[in-house]
Amino acid sequence: MGILKNGELWKDVNGEPIHAHGGWMLYYNGYYYWYGEDRRENYYVSCYRSKNLTDWEFRNHIITTESKMEGYYVRTTLMLRNKNGGKINLERPKVLYNKKTKKFVLWVHVENGMDYHEAAVGIAECDSPDGDFVYYGHFNPYGYMSRDCTLFQEEDGTAYFISAARDNADLHMYRLTDDYKNVKKLVHKLYQGEYREAPAVVKYNGMYHMLTSFCTGWAPNQGKYACADSMEGEWSDLSEIGDSTTYQSQPAFLIERNGRMLYYGDRWGGDGEKYFASSYVIYPLEWENGKLTLKFVNEIDPMAYLNREGKI
Ligand code: GAL
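Residues numbered from 1 in each chain as written. Predicted model: local features only at pLDDT ≥ 70, side-chain atom pairs only at ≥ 80, totals over all residues. Heavy atoms only, no water.

Asks: I keep staring at the layout of surface pockets and nothing clicks. Help me out?
Replies: A water-sized probe, rolled over the atoms, reveals where empty space remains. Size it by volume and the largest pocket reaches roughly 990 Å³. If you go around the largest pocket, you meet 34 residues; those closest to its centre are Leu26, Leu96, Gln153, Glu154 and Glu155. Breaking the lining of the largest pocket down by element, the ones donating at least two residues are β2 (21-28), β6 (89-98), β10 (149-153), β12 (170-176), β14 (197-204) and β18 (250-257). If you add up the space inside the second largest pocket, you get close to 290 Å³. In terms of lining, the second largest pocket is formed by 17 residues, of which the most central are Glu91, Tyr116, Glu197, Gly217 and Trp218. (1 Å grid on protein atoms, 1.4 Å probe; cavity = no way out; pocket = protein on both sides within 12 Å on 5 of 7 lines; lining within 4 Å. Points joined across faces, edges and corners; volume = space filled by probe spheres on them. Helix = DSSP H or I, 4+ residues; strand = E, 2+ residues; numbered from the N terminus.)

Asks: How should I be thinking about the site of the ligand in this particular structure?
Replies: If you check the shell around the ligand, you find Glu91, Arg92, Tyr116, Asp148, Glu197, Gly217, Trp218 and Gln250 and nothing else. With respect to the ligand, the side chain of Glu197 contributes an N or O atom lying 2.4 Å from an oxygen atom. Backbone polar atom of Gly217 to an oxygen atom of the ligand: 3.2 Å apart, as the coordinates give it. In the complex, 90% of the free accessible area of the ligand, which totals 310 Å², lies under the protein chains. Applying the majority rule of atoms within 2 Å of the grid points places the ligand in the second largest pocket. (Near = heavy atom within 4 Å. Polar contact = N/O pair within 3.5 Å; in protein donor to acceptor, adjacent residues only side chain to side chain. Areas by Shrake-Rupley, 256 points an atom, 1.4 Å probe, with all protein chains shown as cover. Sits in = over half its atoms within 2 Å of the grid points.)

Asks: What is the right way to look at the nonpolar core in this model?
Replies: The nonpolar side chains of soluble globular proteins are, as a tendency, buried together. By size, the foremost hydrophobic cluster in this structure holds 78 residues, and its most contacted members are Trp34, Ile63 and Trp107. Looking at this core element by element, the count peaks at six residues for strand β7 (residues 103-111). What Trp34 contacts, discounting residues up to four positions off in sequence, is Trp10, Ile18, Ala20, Gly23, Trp24, Met25, Ser46, Cys47, Tyr48, Trp56, Phe253 and Tyr280. Judged by nonpolar contacts, the second largest core, of 16 residues, contains Phe152, Tyr160, Tyr208 and Met210. (Core = buried A, V, L, I, M, F, W, Y, C linked by side-chain atoms within 4.5 Å. Buried < 20%, exposed > 50% of the residue type's maximum accessible area, 1.4 Å probe, protein only. Contact = heavy atoms within 4.5 Å.)

Asks: What should I look at first to understand the sheet that holds β2 in this one?
Replies: Strand pairing in a sheet relies on backbone hydrogen bonds, with the paired strands running either antiparallel or parallel. Overall, antiparallel pairing links the four strands, which are arranged β2-β3-β4-β5 in an open sheet. Two strands in the sheet have a free side with no partner beyond their single neighbour: β2 and β5 (57-64). The mean inter-strand angle of the sheet, taken between neighbouring strand axes irrespective of direction, is 25°. The pairing of β2 with strand β3 (residues 31-37) spans six bridges and is classified as antiparallel. Bridging across to β3, Trp24 finds its partner in Tyr35. (Pairing = 2+ DSSP bridges. Axes fitted to C-alpha atoms, helices over the stretch in contact; angles between N-to-C directions.)

Asks: Quick question: what am I supposed to make of the sheet that holds β14 here?
Replies: Across the sheet, four strands lie side by side as β14-β15-β16-β17; this open sheet has antiparallel pairing. Looking at the sheet topology across the chains shown, the edges are occupied by β14 and β17 (239-241). The average angle at which neighbouring strand axes cross in this sheet is 35°, direction not considered. Note: β14 against strand β15 (residues 207-213), six bridges, orientation antiparallel. Directly across from Tyr204, in β15, lies its bridge partner Met207.

Below, the structure written as structure tokens:
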């Protein structure tokens with residue numbers, strides 16, 4: 001265990017900076033796996049693992065420019081390198097374990113260049129959480145644009161993909177196929193015209209809770225919160241959470257353990273070289289007076305907090 005200072009670029013157990021931005025956490029076989037963007041060299045998606053949420057061991061770059069490709073989406077024109085041999089852009093990687101197929105499936109926002117016009121989602125798959133994923137290409141779900149995104153998995157295995165559509169104006173929710181490699185149904189067009197980005201969902205106390213940001217590029221803005229009795233049911237109106245900058249962060253993902261929740265956010269550095277100064281924050285999410293509250297803290301021992309030992 002150990003304390004992490006918010007807004008610092010945390011180091012892994014080898015003393016190297018952790019590059020796992022816009023990330024995601026998957027709990028599997030006693031380990032937390034942390035996936036995220038690594039924009040260095042020929043890397044795309046990094047994977048670290050930890051038992052205590054503080055000591056992170058780098059495991060693999062699960063997708064690189066050299067990743068094996070299989071043509072699952074026949075209309076795919078985009079490879080992991082663009083026509084000029086440069087990298088395409090992969091953002092906000094999310095991974096689920098599929099109990100039926102025994103595969104780990106990655107969904108990631110794909111762009112060819114930085115004008116964000118591709119607005120597609122890429123799919124990759126692997127037999128292990130930290131192996132070399134096979135990339136199947138990208139698509140636009142039912143033809144819709146798909147930018148900032150997240151996944152959510154029910155205990156029965158039903159899974160959902162949520163992504164920003166219509167130039168970020170609407171937030172779509174799709175139910176996935178049983179193998180998690182495609183969308184099966186467009187379930188919701190949420191918050192139409194509200195420009196919600198960076199969605200993150202957690203189930204707590206039998207309810208589904210969603211945090212999102214507004215759309216201001218790398219600059220942080222007022223986070224908003226919504227809830228529902230079921231993923232496919234009616235979602236509440238948006239209400240504000242945190243302060244006008246979401247305590248200088250944008251949502252990455254939410255986790256729950258022992259009836260306690262944590263918010264993980266990115267504190268982005270900005271464009272170009274500034275991106276590499278991007279860091280992370282963890283804030284407790286608490287249920288108070290019938291609504292979710294984000295608590296500002298300068299530092300936290302995440303596992304101690306989840307295990308209810310932590311002072312905040
Ligand atoms: C943010 C988005 C990030 C990244 C950035 C680029 O709004 O959440 O993932 O795409 O814009 O400006």
